[in-house]
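Per-entry structural report
Each chain, written out:
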Amino acid sequence: MASVVAVCISEKKGTMKHPVDHIDVKMHHGIVGDAHAGDWHRQISLLAQESVDKMKAVFPDIPIGAFAENILTEGIIVHSLPIGTKLAVGETLLEVTQIGKECHADCAIRKQVGDCVMPREGVFAIVLKEGAIRSGDAITIVEE
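Conventions and cut-offs
For every chain, the first residue of the written sequence is number 1, and numbering continues from 1 along that sequence. In view of the model being predicted, local features appear only for residues whose pLDDT reaches at least 70, and side-chain atom pairs are presented and counted only at 80 or more, with totals across whole chains, interfaces and linings using the full set of residues. Just so you know, side-chain values use all the structure's heavy atoms and leave hydrogens and water out. Each reported salt bridge corresponds to a side-chain nitrogen of Lys or Arg within 4 Å of a carboxyl oxygen of Asp or Glu. The secondary structure listing takes helices from DSSP runs of H or I that are at least 4 residues long and strands from runs of E that are at least 2 residues long, numbered from the N terminus. Buried, partly exposed and exposed residues are distinguished by accessible area as a fraction of the type maximum, computed with a 1.4 Å probe on protein chains only: under 20%, between the cut-offs, and over 50%, respectively. Whether two strands pair depends on DSSP finding at least two bridges between them. Where helices are involved, their axes are fitted lines through C-alpha atoms of the stretch in contact, as for all axes, and angles between N-to-C directions lie from 0 to 180°.

**Let's talk about the pattern of salt bridges**
The final tally for this structure, using the stated rule, is two salt bridges. Notably, a salt bridge pairs D34 with K17, separated by 2.9 Å at the nearest N-O pair. Separated by 17 residues along the polypeptide, D34 in the loop between strand 4 (30–31) and strand 5 (44–48) and K17 in the loop between strand 1 (3–9) and strand 2 (18–20) bring together distant segments of the chain. D34 sits in the buried class, given a relative accessible area of 6%. The salt bridge involving E121 is made with K54; its shortest N-O contact spans 2.6 Å. Highlighted residues: E121 in helix 3 (residues 118–121) and K54 in helix 1 (residues 49–56), separated in sequence by 67 residues. Relative accessible area serves as the criterion here: at 9%, E121 is assigned to the buried category.

**Details of the sheet that holds strand 8 (residues 92–99)**
Either a parallel or an antiparallel arrangement is found when strands of a sheet pair, and the pairing is made through backbone hydrogen bonds. Strand order in the open sheet formed by eight strands is 2-1-6-5-9-8-7-11, with mixed pairing between adjacent strands. Looking at the sheet topology across the chains shown, the edges are occupied by strand 2 and strand 11 (139–142). Put simply, the sheet's adjacent strands are angled 40° from each other on average, direction ignored. Across four bridges, strand 7 (residues 86–89) lies against strand 8 in antiparallel orientation. Bridge pairing in strand 8 places V89 opposite T92.

Right, dumping it as structure tokens:
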């Protein structure tokens, strides 16, 4: 079963995200209290623990949130999902809008280890149904 490993926010852009107990997500906004919230197509970022594990061989002590992921998942390879996929995450509904992105020139992970998985394997989503998301919540692909 796919699930949420951790949820993270950052109050300021350009800083590493940190784990929190839960996140509240709102339509046309994203995560309440996250610096990247707004009415755009990258309201929430998701990254699979399986992607992070690839980097642990080089950087074993990598903290949760280091790749600026809002939701760290397990049991679902999020970057393999097609754009438009709807995911029930906890009590919310998200829609995948983008896979991958350009890495920031000052990416701390890339500077330290020479690579970063977020540009290739990070996924972005918008909120279709508001609610809370917590560590341990189930993730289900919603069939149309």
